[in-house]
Amino acid sequence: MLTAIALAGALPLSRADGVLTGMLAAFPLYAAAVMWAFAAKSARHAGLGMLGAVVLAGAAAWVAT
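1. Here's the deal with the overall build of the protein chain
Then step 1. Of regular secondary structure, the protein chain possesses three helices and zero strands.
Then step 2. Going from the N terminus to the C terminus, the protein chain shows its helices and strands as α-α-α.
Then step 3. Every one of the 65 residues in the protein chain was classed for burial, and the buried ones make up 14%.
Then step 4. Sequence separation of at least 24 residues holds for 45% of the intrachain contacts in the protein chain that already meet a minimum separation of 6.
Then step 5. Surface exposure of the protein chain reaches about 4800 Å², of which carbon and sulfur atoms provide 77%.

Shown next, in the form of structure tokens:
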């Protein structure tokens, strides 16, 4: 969801088009995150990777809005 917010705020589109584009772009990212989490060697490795991704997406959403 943070990725969609960041893209919606960063793209030079109308609000509705930005939200739609952000949500459509977020689906492949979520799928990649799920595949990466199941491919991780341990739960700790998966959790730390997801935490890093959330921090980066949150920072991008904060800067974009």
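Once you've had a look at it, read on.
2. Thoughts on helix α3 (residues 43-64)
Then step 1. Here α3 is 22 residues long and its end C-alpha atoms lie 31 Å apart, about the 32 Å a rise of 1.5 Å per residue gives.
Then step 2. Every buried residue of α3 is accounted for by A46, A57 and A61. Considered in projection along α3, the buried side chains sweep an arc of 40° and stay on one side of the axis. Residues of α3 that are exposed and point over 90 degrees away from its buried face: R44, L48, L51, V55, L56, W62 and V63.
Then step 3. In the core, the buried residues of α3 are packed alongside α1 (2-10) and α2 (15-39).

3. So, the layout of surface pockets
Then step 1. Taken as a whole, the largest pocket holds about 200 Å³ of empty space.
Then step 2. Considering the residues around the largest pocket, the lining is formed by 10 residues, among which T3, Y30, A53, V54 and A57 are closest to the centre.
Then step 3. When residues of the lining of the largest pocket are traced back to their parent elements, those giving at least two are α1, α2 and α3.
Then step 4. In terms of residue class, the lining of the largest pocket is built from nine nonpolar, one polar and no charged.

4. Some details on a nonpolar patch on the surface
Then step 1. A surface patch of nonpolar side chains, about 570 Å² in accessible area, is lined by V19, L20, M23, L24, F27 and Y30.
Then step 2. Assignment of secondary structure puts M23 in helix α2.
Then step 3. Here M23 falls in the partly exposed class, since its relative accessible area comes to 32%.

5. Some words on the packing of α1 against α2
Then step 1. Contact geometry of α1 with α2 gives a least axis separation of 8 Å together with a crossing angle of 145°. Crossing angle aside, the handedness with which α1 passes α2 is right-handed. Taking contact as the criterion, the partners of L2, T3, A4, L7 and A8 in α1 are, on α2, G18, V19, G22, M23, A25, A26, L29 and Y30.
Then step 2. The class makeup of the residues in the contact of α1 with α2 is 10 nonpolar, three polar and no charged.

Calculation criteria
- Residues numbered from 1 in each chain as written.
- Predicted model: local features only at pLDDT ≥ 70, side-chain atom pairs only at ≥ 80, totals over all residues.
- Heavy atoms only, no water.
- Helix = DSSP H or I, 4+ residues; strand = E, 2+ residues; numbered from the N terminus.
- Buried < 20%, exposed > 50% of the residue type's maximum accessible area, 1.4 Å probe, protein only.
- Contact = heavy atoms within 4.5 Å.
- Areas by Shrake-Rupley, 256 points an atom, 1.4 Å probe, with all protein chains shown as cover.
- Expected span 1.5 Å × (residues − 1).
- Arc of directions from axis to C-beta.
- 1 Å grid on protein atoms, 1.4 Å probe; cavity = no way out; pocket = protein on both sides within 12 Å on 5 of 7 lines; lining within 4 Å.
- Points joined across faces, edges and corners; volume = space filled by probe spheres on them.
- Nonpolar A, V, L, I, M, F, W, Y, C, P; charged D, E, K, R; others polar.
- Patch = residues over 30% accessible without salt bridge, like charges linked within 9 Å, V, L, I, M, F, W, Y side chains within 5 Å.
- Salt bridge = Lys/Arg side-chain N within 4 Å of Asp/Glu carboxyl O.
- Axes fitted to C-alpha atoms, helices over the stretch in contact; angles between N-to-C directions.
- Left-handed = near helix turned anticlockwise from the far one by under 90°.

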